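Fold and geometry: a report
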Amino acid sequence: MTDQFERLRLLIGDEGLNKLKSSRVAVFGLGGVGGHLAEALVRSGIGAIDLIDDDTVSLTNLNRQAVAYHSTLGMAKTEAAKIKLLDINPDCKITVHNKFFTPETSSDFDFSAYDYVADAIDTVSGKIELARLAQEYSVKAISSMGAGNKLDPTKFEVADIYKTDTCPLAKVMRHELKKRGIKHLKVVYSREPAIKPLQSNENGGTHQKRQTPGSAAFVPSVVGLIMAGEIIKDIVKE
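Residues numbered from 1 in each chain as written. Predicted model: local features only at pLDDT ≥ 70, side-chain atom pairs only at ≥ 80, totals over all residues. Heavy atoms only, no water.

Counting its secondary structure elements, the chain contains 6 helices and 9 strands. With respect to the principal axes defined by its C-alpha atoms, the chain has extents near 65 × 45 × 35 Å. Evaluated residue by residue, the chain yields a buried proportion of 47% over its 238 residues. Counted over contacts in the chain with a minimum sequence separation of 6, partners at least 24 positions apart contribute 68%. Looking at the chain as shown, the accessible area adds up to about 12300 Å², and 52% of this sits on carbon and sulfur atoms. (Helix = DSSP H or I, 4+ residues; strand = E, 2+ residues; numbered from the N terminus. Buried < 20%, exposed > 50% of the residue type's maximum accessible area, 1.4 Å probe, protein only. Contact = heavy atoms within 4.5 Å. Areas by Shrake-Rupley, 256 points an atom, 1.4 Å probe, with all protein chains shown as cover.)

See the structure below:
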């Protein structure tokens, strides 16, 4: 009997689909990367997914975030994502956490319940804590490095954190993880040098600004899809 996962079944078989259906993945961060990541996981038959974010959909999210529509402006990103994901697969068990993940809130999450952890958050301290807890609980993890200020989606690669280069965030993560004795972390990073973003000023000109990164629809989405692909492949081959 044909079902919505028939095309994926042709690639991974019933055994692979059953592994995905019995897996629980936690997606930390539902921005430009995490929203597309979560959608790809649900479209691939993941049976349970945790959505972690405390932000709401804003106008500037519309150019790149999977949860952002004019109809969802002002809505919690977790709730917007849940509605969309259940429309894709009503059988997926979705758990919503309306909070930011930080070292201070990390005790609110049961890492022993997860089969895979996806890090799509922005803060270095949060990323380090996710990597630490994943190692502590022997949970597979993948982390997104810097996706802002990039325009070339073909420059993204999958690697262990200690085999990365170019990316400033990855450099910081290598240093901090090494100090904490974390020997491995799968990441998606770019070899494209960061572009210095421009901002309009009152006179109609532009000037360089570092605080707010620029972003396009076709970069963070690619990162999210790459991460989803790695998660799906890792679960299926277990």
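Our next topic: the sheet that holds strand 7 (residues 186-190). Pairing in this open sheet of 7 strands is mixed, and the strands run 3-2-1-4-5-7-6 from one edge to the other. Among the strands making up the open sheet, the edge pair consists of strand 3 (93-97) and strand 6 (156-160). This sheet shows a mean twist of 20° between the axes of neighbouring strands, independent of strand direction. With 5 bridges joining them, strand 1 (residues 24-28) and strand 2 (residues 48-52) adopt parallel strand pairing. (Pairing = 2+ DSSP bridges. Axes fitted to C-alpha atoms, helices over the stretch in contact; angles between N-to-C directions.)

This part covers the packing of helix 2 (residues 34-43) against helix 6 (residues 220-237). Relative to each other, helix 2 and helix 6 sit at 40°, their axes nearing to 7 Å. Classed by the angle they form, the pair helix 2 and helix 6 counts as oblique. The handedness of the crossing between helix 2 and helix 6 is right-handed. Across the interface between the two elements, His36, Leu37, Ala40 and Leu41 of helix 2 pack against Ser221, Gly224, Leu225, Met227, Ala228, Ile231 and Ile232 of helix 6. Of the residues belonging to the contact of helix 2 with helix 6, the class tally is 8 nonpolar, 3 polar and no charged. (Parallel < 35°, antiparallel > 145°, perpendicular 65-115°, else oblique. Left-handed = near helix turned anticlockwise from the far one by under 90°. Nonpolar A, V, L, I, M, F, W, Y, C, P; charged D, E, K, R; others polar.)

Here the focus is the pattern of salt bridges. Evaluation of the coordinates by the stated rule reveals 22 salt bridges. Among the ionic pairs, Glu176 bridges to Lys179, the shortest N-O distance being 3.4 Å. Residue Glu176 and its partner Lys179 are located together in helix 5 (residues 168-179), separated by 3 residues, close to a single helical turn. The exposure class of Glu176 is buried, given its relative accessible area of 16%. A residue is classified by how much of its surface remains accessible, and Lys179, at 56% relative accessible area, is exposed. (Salt bridge = Lys/Arg side-chain N within 4 Å of Asp/Glu carboxyl O.)

Our next topic: the nonpolar core. Of all hydrophobic cores here, the largest spans 39 residues; its most connected members are Val27, Leu41, Ile49 and Ile231. Elements supplying a minimum of two residues to this core: helix 1 (6-21), strand 1, helix 2, strand 2, helix 3 (77-88), strand 4 (116-119) and helix 6. Here this core takes 6 residues from helix 6, the largest share from any one element. Beyond its immediate stretch of four places on either side in the chain, Val27 contacts Gly34, Leu37, Ala38, Leu41, Ile49, Asp50, Leu51, Ile52 and Ala118. With 28 residues, the next largest nonpolar core counts Ala26, Phe111, Ala134 and Ala159 among its residues. (Core = buried A, V, L, I, M, F, W, Y, C linked by side-chain atoms within 4.5 Å.)

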